[in-house]
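Summary of the model geometry
Single-letter residue listing:
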Amino acid sequence: MAIKDIVTWQKSYSVNIPLIDVQHMELINLTNKLYRSCMNGRDNSKEMFMTVLRGAIDYVGYHFSTEEKVMERVAYPGYGNHKQEHNTFVLDVLKSVDNLAKTDKYNPLAFVTYLKDWVLTHIAVSDKELGQYLLGLKKQGTLQNITLRVKQVSNRFVLE
Ligand SMILES: [Fe+2]
C-alpha cells in the first residue's frame, strides 16, 4: 500500500511570489519524501533517511536565502524576526541531525513530525504575513519596481 503524504500544499499558503511558492511546494515534497523514507522499514533505512535529510537541509538553506533576499529588497519591516526564525530552525535541525547520526535510539518519525509542524506553521503564519505585505505592494503597484528577476543556476532558480 502506498504511504500517504503527511502534508499537502494549499492555495492559501501562497505568498504572492511564484518563486517562493514553488520553493514551498518543494519543501512540502521533501517533507513527504523524508516521511516515506522513514516509513519504508528497510534495513538501510537510516542511511537512506540521512541522505534525503542532507539534501533537504541543503534545499532549506537555498530557500531561506531566497526569502531573505526578497525581504531585504522590499524593506520588509518583519525581516529581523523572520530571519531569526530561520536561523533558530537551522540550528535546531543541525543539532537533531547530529543526534540522529550518533544515537542508536534513532526516531526519524518524531523528527519528521517536528519538521512538518515547523514548515506548516512557518508557511501559514510568518511567510503568510510576508505574503500579505507583498500583496499590499502589488496593489500599490510598487512591487513591479523592485527587481525580482529570476535566473537559473544549474538546476535551481535564484534572484538576480
Ligand atoms: Fe520564511
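Bear in mind the structure is a predicted one, so any value in this text is a computation, not a measurement.

**Regarding a nonpolar patch on the surface**
On the surface, Ile 3, Met 39 and Leu 109 cluster together to form a nonpolar patch covering roughly 220 Å² of accessible area. Note on Ile 3: relative accessible area 31%, which makes it partly exposed.

**What to know about the packing of helix 2 (residues 45–73) against helix 3 (residues 79–102)**
At a minimum axis distance of 11 Å, the contact between helix 2 and helix 3 shows a crossing angle of 170°. One way to sum up the angle between helix 2 and helix 3 is to call them roughly antiparallel. Contacts between helix 2 and helix 3 involve Lys 46, Phe 49, Met 50, Leu 53, Ile 57, Val 60, Phe 64, Glu 67, Glu 68, Met 71 and Glu 72 from the first element and Tyr 79, His 82, Lys 83, His 86, Phe 89, Val 90, Val 93, Leu 94, Val 97, Leu 100 and Ala 101 from the second. Grouping the amino acids of the contact of helix 2 with helix 3 by side-chain chemistry returns 15 nonpolar, 2 polar and 5 charged.

**What to know about the packing of aromatic side chains**
Here a ring pair, both rings aromatic, is described through the centre-centre distance and the interplanar angle of the planes. Applying the stated criterion to the full structure yields 8 aromatic pairs. Aromatic ring contacts, followed pair by pair, group Phe 64, Phe 89, Phe 111, Tyr 114 and Trp 118 into a single cluster.

**Quick notes on the nonpolar core**
It is characteristic of soluble globular proteins that their nonpolar side chains tend to be buried jointly. One finds Leu 34, Phe 49, Leu 53, Phe 89, Phe 111 and Leu 115 to be the most contacted residues of the largest nonpolar core, which totals 27 residues. Of all the secondary-structure elements, those providing two or more residues to this core are helix 1 (18–39), helix 2, helix 3 and helix 4 (108–140). The element that contributes the greatest number of residues to this core is helix 2, accounting for 9 residues. In this view, Leu 115 contacts Leu 34, Leu 53, Phe 89 and Val 93; residues no more than four positions away in its chain are not counted. Core analysis: the next-biggest nonpolar cluster, separate from the first, contains 13 residues, Ile 17, Val 74, Leu 143 and Leu 159 among them.

**Brief notes about the confidence of the model for the protein**
Predicted coordinates in regions of low pLDDT should not be interpreted in detail. When pLDDT is averaged across the protein, the result is 85; 94% of the residues are at 70 or more. Confidence, read as mean pLDDT per element, is least for strand 2 (residues 156–159) in the protein (72) and greatest for helix 3 (91).

**Here's the deal with the pairing of strand 2**
Taken together, the 4 bridges between strand 1 (residues 150–153) and strand 2 define a ladder with antiparallel strand orientation. Its bridge partner being in strand 2, Val 153 is matched across the sheet by Arg 156. The antiparallel hairpin formed by strand 1 and strand 2 contains 2 residues in its connecting segment, where Ser 154 sits at a positive phi of about 45°.

**A closer look at the coordination of the iron ion**
For the iron ion, every protein donor is listed as Glu 67 (OE), His 82 (NE2), His 86 (NE2), His 122 (NE2) and Asp 127 (OD), and the spread of their distances is 1.9 to 2.4 Å. Donor residues for the iron ion sit on one chain with the sequence pattern E-x14-H-x3-H-x35-H-x4-D. In this pair, His 82 is assigned in helix 3 and Asp 127 in helix 4, connecting sequence segments 45 residues apart. Classification of His 82 as buried rests on a relative accessible area of 3%.

**Quick look at unusual backbone geometry**
Even without being glycine, Ala 75 reaches a positive phi, approximately 50°. Take Ala 75: it is sitting in the loop between helix 2 and helix 3.

**Concerning the pattern of salt bridges**
Following the criterion strictly, the structure yields 4 salt bridges and no others. Residues Arg 36 and Asp 5 are paired through a salt bridge, measuring 3.1 Å at the closest nitrogen-oxygen approach. Of this pair, Arg 36 sits in helix 1 while Asp 5 sits in the segment before helix 1; the two residues are 31 residues apart in sequence, bridging distant segments of the chain.

Calculation rules
- Residues numbered from 1 in each chain as written.
- Predicted model: local features only at pLDDT ≥ 70, side-chain atom pairs only at ≥ 80, totals over all residues.
- Heavy atoms only, no water.
- Patch = residues over 30% accessible without salt bridge, like charges linked within 9 Å, V, L, I, M, F, W, Y side chains within 5 Å.
- Areas by Shrake-Rupley, 256 points an atom, 1.4 Å probe, with all protein chains shown as cover.
- Salt bridge = Lys/Arg side-chain N within 4 Å of Asp/Glu carboxyl O.
- Buried < 20%, exposed > 50% of the residue type's maximum accessible area, 1.4 Å probe, protein only.
- Axes fitted to C-alpha atoms, helices over the stretch in contact; angles between N-to-C directions.
- Helix = DSSP H or I, 4+ residues; strand = E, 2+ residues; numbered from the N terminus.
- Parallel < 35°, antiparallel > 145°, perpendicular 65-115°, else oblique.
- Contact = heavy atoms within 4.5 Å.
- Nonpolar A, V, L, I, M, F, W, Y, C, P; charged D, E, K, R; others polar.
- Phe/Tyr/Trp six-rings, centres within 6.5 Å; stacked < 30°, edge-to-face > 60°.
- Core = buried A, V, L, I, M, F, W, Y, C linked by side-chain atoms within 4.5 Å.
- pLDDT = per-residue confidence, 0-100.
- Pairing = 2+ DSSP bridges.
- Donors = N, O, S within 2.8 Å, 3.2 Å for Na, K, Ca; no water.

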